[in-house]
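Here is how the chains run, residue by residue.
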Amino acid sequence: MEMIVVLDFGTHHSQSIARNIRDCQVYSEIMPWNAAIGEITAKNPAGIILSGAANLDAAQKILLDSEIYNLGIPILGIGSGMAVMLEQLGGRVETGPNSEAELVQISDFQDLFWDCAELAAEDLTVSGGIQVQKLPPGFKELASGAGQAAAAADRSRRLYGVWFDPDAKIIENFVLRICGCSQSWTMDRFIAATVEAIRRQVGDKKVVCGLSGGIDSSVAAVLVHKAVGPQLTCIFVDNGLMRKNEAQEVSKIFSEDFDLNLVAVDASEGFLSKLAGVTDPEQKRKIIGTEFIRVFEAEAKKLGDVDFLVQGTLYPDVIESGVGQAAVIKSHHNVGGLPDDLQFELIEPLRQLFKDEVRMVAQQLGLPESIVFRHPFPGPGLGVRVIGEITKAKLEILREADAIFIEELRRSGWYRKVWQALAVLTDTRTVGMLEEDRTYDHVVALRAVNSEDGMTADWIRLPYDLLERVSTRILHEVKGVNRVVYDISSKPPATIEWE
């Protein structure tokens, strides 16, 4: 399979770049900048992107294996990725005086900047603070801005560099025109290859799958069922951290509408007892992940010899959990929260996919819209939406508030316009009044964001009248809440979930 390797210099832009490459129907994979040359070449990449920020600080600490420039593979250096490449090949880049961002002036519209005239006139900017004092032998300036070379290339060696954050069109030009990729990354091919890989992995053995009813676990379950049929048993664990009526709905959909073996387990008491008194978010996630596996082990024993466990791990889960040199943003229950003595071999059919790609697969598999377009829901459930200690009383408050929010979004036609919406029960209490009596109750925070893949997200400007209806209903219908606030933070620097 053709692919582009993105070598990450420690910037969140790497994830967006990898997603832009996928949009070109070409597979991409993020690796740490110090990955061994052998690891990189083993993937047989059609091209390599050096993904850095638009400053020199990171570049001064990075020294790539110089053999990378002799592989004959097209390379695009971005930001400090360009700086590292130029310095290692005989150029010189230094820190310069800071200045305001200026438009990039493209002087060469071949290959990398093909069909980018309109884009450059409006969207491409570069800041001062860096100066290319000398280009390496063989390099030619392709664009300028802020008094220095903003892009350069050695076409004979297929080496390119840009200082600015490249638009998707520039990434497309690199991937399709320079690397010559054939756009073979499609969801129908992914399904066929994944089903075959699962069959080879499983053979005639038994498989269990944790089915939550969310799109990730649902797509994973259907893919595995497509591969091994009745060898799969799906186990739905009610951990006491589900949304209102969710346990009943999931059981109905998969036991009545799908030909899947489904075992429903009420394990809520065990989860809540393990979480009693715990307030640290990372500890909560790991407790939930470990208890989830323990429940599976107990249920799997009842099924006889079971060798495999299916999980709906996504590529963003892997990245955010700190794979390779990446920093841990938060441990995901199905990556960082797994116990060391796991009794199953994992099947993770979605581990290569971003969230929007999972939706494409779901549609290809014929899953109903209620699952395909269901908002993302974290594996730890409401456990990461109750801030502080988790109790049954807090969970009931949050369930009711969340249900009202989602109901009003559906009623107003906003549900499908929102990528993810949620309510959070904060650990703050405030003074209020109810029928002339003083109250000291909980604050509920509402959050609605748009995103393509969960790696970045923008908060949504919901209509004031909609927010007013939601707030009024929560304050009057949910006992224990006397204040509602709206979260206007984007990701980054915030994350989508509060914990």
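Note that this is a predicted model, so its numbers are computed, not measured.

*Asks:* Talk me through the layout of surface pockets; I want residue IDs and the actual numbers.
*Replies:* Here the second largest pocket is characterised by a volume of approximately 460 Å³. K244, E249, A403, I406 and R410 are the residues nearest the centre of the second largest pocket, which is lined by 19 residues in total. Among the secondary structure elements, those contributing two or more residues to the lining of the second largest pocket are α8 (246-257), α14 (392-412) and α15 (464-477). Looking at the lining of the second largest pocket, the element that brings in the most residues is α14, giving seven residues. Its residues placed into classes, the lining of the second largest pocket shows five nonpolar, three polar and eleven charged.

*Asks:* Give a description of the nonpolar core that names residues and reports values.
*Replies:* Nonpolar side chains in soluble globular proteins tend to be buried together. With 111 residues, the main nonpolar core has Y69, L112, F113 and V219 as its most contacted residues. The element best represented in this core is helix α7 (residues 215-228), accounting for nine residues. Listed in part, the 49 residues of the second largest apolar core include L272, V386, V444 and V478.

*Asks:* Could you give an account of unusual backbone geometry, with specific residues and numbers?
*Replies:* The amide bond that connects K491 to the next residue, P492, takes the cis arrangement and shows omega of -15°. By secondary structure assignment, the location of P492 is in the segment after β21 (481-486). Looking along the chain, the bond that leaves P492 and enters P493 is cis, with omega of 10°. Relative to the elements of secondary structure, P493 occurs in the segment after β21. Backbone geometry at N44 places phi at a positive 50°, although glycine is not the residue there. Positive phi, close to 60°, is recorded for Q183, a residue that is not glycine. Of note, Q183 is situated in the loop between α5 (168-178) and α6 (187-202). The partly exposed category is assigned to Q183, whose relative accessible area is 37%.

*Asks:* Tell me about the packing of aromatic side chains, residues and numbers included.
*Replies:* Each aromatic ring pair is summarised here by two numbers: the centre-to-centre distance and the angle between the ring planes. Under the defined criterion, the tally for this structure stands at five aromatic pairs. Residues Y27 and W185 carry aromatic rings whose centres are separated by 4.9 Å and whose planes lie at 45° to one another, so their mutual orientation is tilted. With Y27 in strand β2 (residues 27-32) and W185 in the loop between α5 and α6, this residue pair connects regions lying 158 residues apart in the sequence. Classification of Y27 by relative accessible area gives buried; the value is 4%. Residue classification places W185 among the buried residues on the basis of a relative accessible area of 5%. Arranged with centres 5.6 Å apart and planes meeting at 80°, the rings of Y315 and F354 form a pair that is edge-to-face. Of this pair, Y315 sits in helix α11 (residues 315-320) while F354 sits in the loop between β17 (345-347) and α12 (355-364); the two residues are 39 residues apart in sequence, bridging distant segments of the chain.

Thresholds applied
- Residues numbered from 1 in each chain as written.
- Predicted model: local features only at pLDDT ≥ 70, side-chain atom pairs only at ≥ 80, totals over all residues.
- Heavy atoms only, no water.
- 1 Å grid on protein atoms, 1.4 Å probe; cavity = no way out; pocket = protein on both sides within 12 Å on 5 of 7 lines; lining within 4 Å.
- Points joined across faces, edges and corners; volume = space filled by probe spheres on them.
- Helix = DSSP H or I, 4+ residues; strand = E, 2+ residues; numbered from the N terminus.
- Nonpolar A, V, L, I, M, F, W, Y, C, P; charged D, E, K, R; others polar.
- Core = buried A, V, L, I, M, F, W, Y, C linked by side-chain atoms within 4.5 Å.
- Buried < 20%, exposed > 50% of the residue type's maximum accessible area, 1.4 Å probe, protein only.
- Phe/Tyr/Trp six-rings, centres within 6.5 Å; stacked < 30°, edge-to-face > 60°.

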